[in-house]
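# Architecture and fold: a report
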Amino acid sequence: MSNEQPLSLSGSCHCGAVRLSLPAAPETATSCNCSLCRRTGGIWAYYELGTVSIQGHPENTESYVWGDRSLSNFRCKNCGIATHWEPIEPTPGARHGVNLRNFEPALLASVTVRRFDGADTWKFLD
């Protein structure tokens with residue numbers, strides 16, 4: 001029997017106004033170098049839209065939309081931490097991204113992080 005603690009699937013922005021609960025631990029995540037992701041430093045895990053519990057959203061979040069205007073990127077209104085993104089016009093099976101930097105480091109350490117070239121080729125670099 002293992003003495004290891006199960007990974008926490010709950011996280012929050014820095015001030016705690018936005019709280020996220022994942023339905024399951026991700027197997028992989030993405031580190032993107034597009035102009036937004038390289039600035040926020042987010043490590044993104046993807047889930048079917050609506051499967052992640054997000055408390056404090058939308059009352060404690062604000063949205064930033066740029067580029068092809070297909071995604072709303074959300075951050076906490078109070079502490080400014082990037083929490084997640086959602087499609088502006090969701091379609092059946094749409095997914096959204098959750099910033100794993102808002103969770104305990106052990107969760108991120110358990111995930112294979114793939115590098116994505118969102119700045120140029122739109123291909124994985126590994």
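Residues numbered from 1 in each chain as written. Predicted model: local features only at pLDDT ≥ 70, side-chain atom pairs only at ≥ 80, totals over all residues. Heavy atoms only, no water.

Across its full length, the protein carries 2 helices and 10 strands. Counting from the amino terminus, the protein carries its helices and strands in the arrangement β-β-β-α-β-β-β-β-β-β-α-β. The globule rule puts the C-alpha radius of gyration for 126 residues at 14 Å, and the 15 Å found for the protein is close to it. Judged by the C-alpha coordinates and their principal axes, the protein covers about 50 × 40 × 30 Å. The proportion of buried residues among the 126 residues of the protein is 37%. (Helix = DSSP H or I, 4+ residues; strand = E, 2+ residues; numbered from the N terminus. Rg over C-alpha atoms; globule rule 2.2 N^0.38 Å. Buried < 20%, exposed > 50% of the residue type's maximum accessible area, 1.4 Å probe, protein only.)

The next thing to look at is the environment of Asn-60. Within the secondary structure, Asn-60 is located in the loop between strand 5 (53-55) and strand 6 (61-64). Along the sequence, Asn-60 and Arg-115 sit 55 residues apart, while their C-alpha atoms lie 30 Å from each other. With sequence-adjacent residues up to four places away left out, Asn-60 is seen in contact with Ala-17, Val-18, Arg-75, Cys-76 and Lys-77. (Contact = heavy atoms within 4.5 Å.)

A separate point is the pattern of salt bridges. Applying the stated rule across the entire model yields 2 salt bridges. Glu-62 is the partner of Arg-75 in a salt bridge, and the nearest nitrogen-oxygen pair spans 3.0 Å. Residue Arg-75 is found in strand 7 (residues 71-76), and its partner Glu-62 is found in strand 6; the two are separated by 13 residues along the sequence. Two residues, Arg-114 and Asp-126, come together in a salt bridge whose shortest N-O distance is 3.2 Å. (Salt bridge = Lys/Arg side-chain N within 4 Å of Asp/Glu carboxyl O.)

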